[in-house]
Amino acid sequence: MTLSLIPALLLLGAFTGFCAGLLGVGGGMMMVPFLTLTFSWLAFPEEAIVHMAIATSMSTILFTSLSSVRAHHKQGAVRWKIVLALAPGILLGGMIGGGKVFAALKTGWLSLLFALFVGFSASQMLRNRKPSPSRQLPGFPGMFGAGSAIGFLSSLVGAGGGFVSVPFMTWCNVPIHHAVATSAALGFPIAAASVIGYVWSGYQMTGLPAGSLGYVYLPALAVIAIASVLTAPLGARTAHRMEVRKLKRIFAGMLFCLAAYMLWKAWQAF
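What you see is a predicted model; the values in this text were computed from it and never measured. (Residues numbered from 1 in each chain as written. Predicted model: local features only at pLDDT ≥ 70, side-chain atom pairs only at ≥ 80, totals over all residues. Heavy atoms only, no water.)

Peer 1: What's the story with the UniProt feature "transmembrane region" (unreviewed entry) in the chain in this structure? I'm lost.
Peer 2: Here, UniProt's "transmembrane region" (unreviewed entry) annotation points to residues 48-66, 78-96, 143-164, 176-200, 212-230 and 250-267. When the span residues 48-66 is considered, its composition is 95% helix and 0% strand, and the gap between its end C-alpha atoms is 28 Å. Across residues 176-200, the secondary structure splits into 100% helix and 0% strand, with the terminal C-alpha atoms separated by 35 Å. (UniProt positions renumbered as here; feature names shortened; annotations may be inferred. Helix = DSSP H or I, 4+ residues; strand = E, 2+ residues; numbered from the N terminus.)

The following block contains the structure:
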């Protein structure tokens, strides 16, 4: 990695850390498109670029989630019972998705999957449909299943799970600020399980650049993590000062832009 890229990666880390705290999305959905572009400039192996962008993005969530959840916890917004209920399924789904399934998907399909799920999440946020007043979070089987789906999908697209967990929780009548804060707390088990899978599935991959641990590119991880840890608490404090509708619109608008870029990346790969 060239020294000229360090300022850009620091800026990326600061921006995604702020977004992680603000929106509870772990920053991954913002980071993957930019890392894909960066790794293309660095002439990484074409068949591994999106895989490495996703794996490196998810690895940074190990750090940003701890930073942002601390700020949300101070506001009393994290629903820890929900975290504990979803965590077992998340760990299982994350390790399965981040392992052989992740490695088996070609770049085009991985990019397309990322774009479709991000676009779907954005549309759900923009629709602003109010759930039935009687709808509640499901029991253990339902929470385990939801957690498994969140972990599996998150590991495939390199996001902290907020693009699934926030809509899921608001659909079950969890207030948006609590859903964002709880999603930030879920980021750590999602990232931990997924990173294990990325390292395992990429360990025997040949031709990866120096500084790689499986599909994780350690130099970029180090630079981004330093900046994102510093700005995540600022994003979390900002979230609690914003009105619900504005928070949802910011979330949705950003996701639509990123979905469009990854659709373009998928079109190039096919």
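Next comes the rest of the account.
Peer 1: Mind showing me how you'd approach a positive patch on the surface here?
Peer 2: A surface patch of positive charge is lined by Arg70, Lys74, Arg237 and Arg241. Take arginine 241: it is sitting in the loop between α9 (218-239) and α10 (244-269). Arginine 241 sits in the exposed class, given a relative accessible area of 64%. (Patch = residues over 30% accessible without salt bridge, like charges linked within 9 Å, V, L, I, M, F, W, Y side chains within 5 Å. Areas by Shrake-Rupley, 256 points an atom, 1.4 Å probe, with all protein chains shown as cover. Salt bridge = Lys/Arg side-chain N within 4 Å of Asp/Glu carboxyl O. Lys, Arg positive; Asp, Glu negative; His and termini not counted. Charge placed at Lys NZ, Arg CZ, Asp CG, Glu CD. Buried < 20%, exposed > 50% of the residue type's maximum accessible area, 1.4 Å probe, protein only.)

Peer 1: Please explain the environment of serine 123 as it appears in this structure.
Peer 2: With respect to the helices, strands and loops of the structure, serine 123 is situated in helix α5 (residues 107-127). Judged by its relative accessible area of 25%, serine 123 falls in the partly exposed class. For serine 123 and alanine 252, which are 129 residues apart along the polypeptide, the C-alpha to C-alpha distance reads 6.8 Å.

Peer 1: Looking at this structure, how should I read helix α8 (residues 176-202)?
Peer 2: Because each turn of an α-helix spans 3.6 residues, side chains separated by three or four positions end up pointing in the same direction. Counted at 1.5 Å a residue, the expected span for α8 with its 27 residues is 39 Å, and the 36 Å between its end C-alpha atoms agrees. The principal kink in α8, of about 30 degrees, is found at leucine 186, preceding the proline proline 189 by one to four residues. The buried count for α8 comes to 21 of 27 residues, which makes it a mostly enclosed element. (Expected span 1.5 Å × (residues − 1). Bend = angle between axes of the 7 residues up to and from the residue.)

Peer 1: What's the story with helix α6 (residues 140-157) in this structure? I'm lost.
Peer 2: Taking 1.5 Å of rise per residue, 18 residues should cover 26 Å, and α6 covers 26 Å from first to last C-alpha, within 8% of that figure. Within α6 the residues assigned to the buried category are Met143, Ala146, Gly147, Ser148, Ile150, Gly151, Leu153, Ser154, Ser155, Leu156 and Val157.

Peer 1: Would you mind going over the packing of α6 against α8 with me for this structure?
Peer 2: Axes are the key here: two packed helices are described by the angle between their axes and the distance separating the axes. Where α6 contacts α8, the two axes come as close as 9 Å, and the packing angle between them is 55 degrees. Taken together, α6 and α8 sit at an angle that is classed as oblique. Seen from above, α6 lies across α8 with right-handed handedness. Contacts between α6 and α8 involve Ile150, Gly151, Ser154, Ser155 and Leu156 on the former and, on the latter, Ile190, Ser194 and Tyr198. Grouping the amino acids of the contact of α6 with α8 by side-chain chemistry returns four nonpolar, four polar and no charged. (Axes fitted to C-alpha atoms, helices over the stretch in contact; angles between N-to-C directions. Parallel < 35°, antiparallel > 145°, perpendicular 65-115°, else oblique. Left-handed = near helix turned anticlockwise from the far one by under 90°. Contact = heavy atoms within 4.5 Å. Nonpolar A, V, L, I, M, F, W, Y, C, P; charged D, E, K, R; others polar.)

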